[in-house]
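Take a look at the letters that make up each chain.
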Amino acid sequence: MTLTLKDMSAGRSARVTGYAPGGAAYRQKLLSMGLTPGTALRVIRVAPLGDPVVIEVRGYQLSLRKAEAEALSIEETAA
C-alpha cells in the first residue's frame, strides 16, 4: 500500500517509492535532498498540526513542510 509521508507517525520507517501526482513543484527539491526512490527513512517527529515533519534520511535529519510531505510517496517498512 502506497502512502504519503504525511500519513506516517513518529518512530515509523519507510522507503521512498516515488512522488505523488501533481507534486512536480516539490519533486526536484526532494530529489536534491537525497529523497530518491528506494531511499530508507525514519520519521523522527511530527508537529501537532502535521507541519513540519522531521525525518532521518542518509544519516542526517531533515525537516519537511506538510506540502512537501504530501508530495512524497512511500511504502512503510519494518523498523
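Below or above, wherever it landed, is the structure these notes cover.

What counts and how
- Residues numbered from 1 in each chain as written.
- Predicted model: local features only at pLDDT ≥ 70, side-chain atom pairs only at ≥ 80, totals over all residues.
- Heavy atoms only, no water.
- Helix = DSSP H or I, 4+ residues; strand = E, 2+ residues; numbered from the N terminus.
- Contact = heavy atoms within 4.5 Å.
- Salt bridge = Lys/Arg side-chain N within 4 Å of Asp/Glu carboxyl O.
- Buried < 20%, exposed > 50% of the residue type's maximum accessible area, 1.4 Å probe, protein only.
- Core = buried A, V, L, I, M, F, W, Y, C linked by side-chain atoms within 4.5 Å.
- Pairing = 2+ DSSP bridges.
- Polar contact = N/O pair within 3.5 Å; in protein donor to acceptor, adjacent residues only side chain to side chain.

## Some words on the environment of V43
Position of V43 relative to the elements: it lies in strand 3 (residues 40–46). Between the alpha carbons of V43 and E56 there is a distance of 6.4 Å; along the sequence they are 13 residues apart. If sequence neighbours within four positions are ignored, V43 has contacts with L5, M8, S9, A10, G11, R12, V53, V54 and I55.

## Comments concerning the pattern of salt bridges
Side-chain pairs of opposite charge can arise whenever the charged atoms involved come near each other. In this structure the tally under the stated criterion is six salt bridges. Across the pair R12 and E76 runs a salt bridge whose closest N-O atoms are separated by 2.7 Å. Of this pair, R12 sits in the loop between strand 1 (3–4) and strand 2 (13–19) while E76 sits in strand 6 (residues 72–77), and the two are 64 residues apart along the sequence. The class of R12 is partly exposed, set by a relative accessible area of 39%. Among the ionic pairs, E56 bridges to R42, the shortest N-O distance being 3.8 Å. Here E56, found in strand 4 (residues 53–57), pairs with R42, found in strand 3; they are 14 residues apart in sequence, far enough to count as distant.

## Quick look at the nonpolar core
In terms of nonpolar packing, the biggest core is built from 20 residues, with L5, L35, L41, I55 and L72 touching the most fellow members. Mapped by element, the contributors of at least two residues to this core are strand 2, strand 3, strand 4, strand 5 (60–64), helix 2 (66–71) and strand 6. Beyond its immediate sequence surroundings of up to four residues, L72 is in contact with L3, T4, L5, V16, G18, Y19, L30, L35 and L41.

## Points about the sheet that holds strand 3
Read from one edge of the open sheet, six strands run 1-6-2-3-4-5, paired in antiparallel fashion. Two strands in the sheet have a free side with no partner beyond their single neighbour: strand 1 and strand 5.

## Topic: the pairing of strand 5
Relative to strand 5, strand 4 is paired through five bridges, and the arrangement is antiparallel. Residue pairing in the sheet places V53 in a bridge with L64 of strand 5. Hairpin geometry of strand 4 and strand 5 is characterised by an intervening segment of two residues between the two adjacent antiparallel strands and by a positive phi of about 55° at R58.

## Remarks on unusual backbone geometry
With an omega of 10°, the peptide bond between D51 and P52 qualifies as cis. When you line up the elements, P52 lands in the loop between strand 3 and strand 4. Phi is positive for R58, close to 55°, though the residue is something other than glycine.

## Remarks on the side chain of T39
Note on placement: T39 falls in the loop between helix 1 (24–32) and strand 3. Within polar-contact distance, the side chain of T39 engages the side chain of R58 at 2.9 Å. Not counting residues within four places of it along the chain, the set of residues in contact with T39 comprises A14, R15, V16, G34, V57 and R58.

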